[in-house]
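A structural walkthrough
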Amino acid sequence: MVDDEPKKSKPSVRKRAEAIKNFRCKNLIAVIEDPNDIKNIGTVIRNVNALGVEKVYVVDPRNTLPDDWQEMRGRPSLFNTSVSAVKWTFVRRFDSTEACLSYLESKGFASVVTSPHVKGKTSIFLHEGDYTRHTKLAVWFGNESRGISPLAVERSEMCVAIPMFGMIESLNLGTSSGIVLYEIARQRREYQSKYRYRKHKGERATPLPTVMAPEGVAPEDAGQ
């Protein structure tokens, strides 16, 4: 996919917004903890939007971002690096890890952190996890050089790692967030296609689709 996507008319934007509504993963938030580079924030926002994750929270102790989302949407540094995804994705900043965790916990969110094995903490590889156990889930990604903070690890349900098979045993923030969020969103999208959350819990009479058909292709033919 090229970075410069064609501009859509208002009717086509509304049509697209309606089409993707059932594919968004409700109550799934990606948290970026103290990122060094605003370009990486833009990349994660782009991943979040493309993969149907609901929101992005940024722990930003250096005040890199404005508090107001509307102002954030107009920042060229974020608009360009996210390929305009910040325009369509809700982003909220927090002054500290403690503030973000406290807010998430007050709303009933469980957290998982992306980190290698931590002694005394449940640690799994990405493909081993069941990410549908919690109705509300926040997935944390750490600082590019220091990784995730001890406080975020302590307050999380578990540590999740991507299996590595090469001489280099690390990935950049954009790549790792894309891999992790793809798997977690895939599981949760399959779950919410079959079951309802919130007030109307239970199995759906007719499952929702889990894959969007390309434009011009009927939904029933998309998987063929």
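Owing to the predicted nature of the structure, the values given are computational and were not obtained by experimental measurement.

**What to know about the nonpolar core**
Counting residues in hydrophobic clusters, the biggest one holds 32 residues, and the most contacted among them are Leu28, Ile45, Tyr131 and Val139. Of all the secondary-structure elements, those providing two or more residues to this core are strand 1 (25-33), helix 2 (38-51), strand 2 (53-59), strand 6 (137-141), strand 7 (158-161) and helix 7 (173-194). Broken down by element, the residue count for this core peaks at 5 residues, all from helix 7. The contact partners of valine 139, leaving out residues within four places of it in the chain, are Leu28, Ile29, Ala30, Val31, Val112, Thr114, Val180, Leu181 and Ile184.

**Regarding the pairing of strand 4 (residues 110-114)**
Strand 4 sits mainly inside the fold: 5 of its 5 residues count as buried. Across the two faces of strand 4 the burial is the same, with Ala110, Val112 and Thr114 and Ser111 and Val113 all buried. Of the pairings in the sheet, the one linking strand 4 to strand 6 comprises 4 bridges and is parallel in character. Counterpart to valine 112 in the pairing with strand 6 is valine 139. As defined by bridge partners, strand 4 adjoins strand 7 across 3 bridges and the pair is classed as parallel. Bridge assignment links valine 112 to a residue of strand 7, and that residue is methionine 158.

**Quick word on the side chain of arginine 93**
Assignment of secondary structure puts arginine 93 in strand 3 (residues 90-94). At 3.4 Å, the side chain of arginine 93 forms a polar contact with the backbone oxygen of leucine 65. A polar atom in the side chain of arginine 93 sits 2.9 Å from the side chain of aspartate 95.

**Points about the layout of surface pockets**
Estimated volume of the second largest pocket: approximately 560 Å³. Going through the elements one at a time, strand 7 and helix 7 are the ones with two or more residues in the lining of the second largest pocket. Per element, the largest residue contribution to the lining of the second largest pocket is 3 residues, and it comes from helix 7. Looking at the lining of the second largest pocket residue by residue, the classes come out as 11 nonpolar, 10 polar and 3 charged.

**Focus on the packing of aromatic side chains**
Throughout the structure, instances matching the rule amount to 5 aromatic pairs. Arranged with centres 6.2 Å apart and planes meeting at 65°, the rings of tyrosine 57 and tyrosine 103 form a pair that is edge-to-face. Of this pair, tyrosine 57 sits in strand 2 while tyrosine 103 sits in helix 5 (residues 97-106); the two residues are 46 residues apart in sequence, bridging distant segments of the chain. In this structure tyrosine 57 comes out as buried when scored by relative accessible area, which is 3%.

**Looking at the environment of aspartate 34**
Topologically, aspartate 34 is positioned in the loop between strand 1 and helix 2. On a C-alpha basis, the gap between aspartate 34 and serine 96 in space is 8.3 Å, while along the polypeptide they are 62 residues apart. Once residues lying within four places of it in the same chain are set aside, the contact partners of aspartate 34 are Val59, Pro61, Arg62, Asn143, Glu144 and Arg146. Within the local environment of aspartate 34, its side chain forms a polar contact with the side chain of arginine 146, the two groups lying 2.5 Å apart.

**As for empty space enclosed by the protein**
In this structure the tally under the stated criterion is 1 cavity of 30 Å³ or more. Of the voids in this model, the largest cavity is the one considered here, and its volume is about 40 Å³. For the largest cavity, the full set of lining residues is Val112, Asp130, Tyr131, Arg133, His134, Leu137, Glu157 and Met158. Taken together, the residues of the lining of the largest cavity break down into 4 nonpolar, 1 polar and 3 charged.

**A word on helix 5**
Those residues of helix 5 that fall on the buried side of the exposure criterion are Thr97, Cys100, Leu101 and Leu104. Each buried residue of helix 5 sits inside an arc of 95° when the element is viewed along its axis, so together they form one side. Check the buried side of helix 5 and you find it contacts strand 1, strand 2, strand 3, strand 4, strand 6 and helix 6 (150-154). Positive backbone phi, at 85°, marks glycine 108, one or two positions downstream of helix 5.

**Remarks on the sheet that holds strand 4**
The sheet built from 7 strands is open, its strands ordered 3-2-1-6-4-7-5 with parallel pairing. Of all strands in the sheet, those bounded by a partner on one side alone are strand 3 and strand 5 (123-125). This sheet shows a mean twist of 25° between the axes of neighbouring strands, independent of strand direction. In this sheet, strand 7 lies alongside strand 5 in parallel orientation, the contact comprising 3 bridges. Paired with isoleucine 124 across the bridge in strand 7 is valine 160. The sheet strands contacting helix 7 are strand 1, strand 2, strand 4 and strand 6, and the helix crosses strand 1 at an angle near 165°.

Each value, and the rule that gives it
- Residues numbered from 1 in each chain as written.
- Predicted model: local features only at pLDDT ≥ 70, side-chain atom pairs only at ≥ 80, totals over all residues.
- Heavy atoms only, no water.
- Core = buried A, V, L, I, M, F, W, Y, C linked by side-chain atoms within 4.5 Å.
- Buried < 20%, exposed > 50% of the residue type's maximum accessible area, 1.4 Å probe, protein only.
- Helix = DSSP H or I, 4+ residues; strand = E, 2+ residues; numbered from the N terminus.
- Contact = heavy atoms within 4.5 Å.
- Pairing = 2+ DSSP bridges.
- Polar contact = N/O pair within 3.5 Å; in protein donor to acceptor, adjacent residues only side chain to side chain.
- 1 Å grid on protein atoms, 1.4 Å probe; cavity = no way out; pocket = protein on both sides within 12 Å on 5 of 7 lines; lining within 4 Å.
- Points joined across faces, edges and corners; volume = space filled by probe spheres on them.
- Nonpolar A, V, L, I, M, F, W, Y, C, P; charged D, E, K, R; others polar.
- Phe/Tyr/Trp six-rings, centres within 6.5 Å; stacked < 30°, edge-to-face > 60°.
- Arc of directions from axis to C-beta.
- Axes fitted to C-alpha atoms, helices over the stretch in contact; angles between N-to-C directions.

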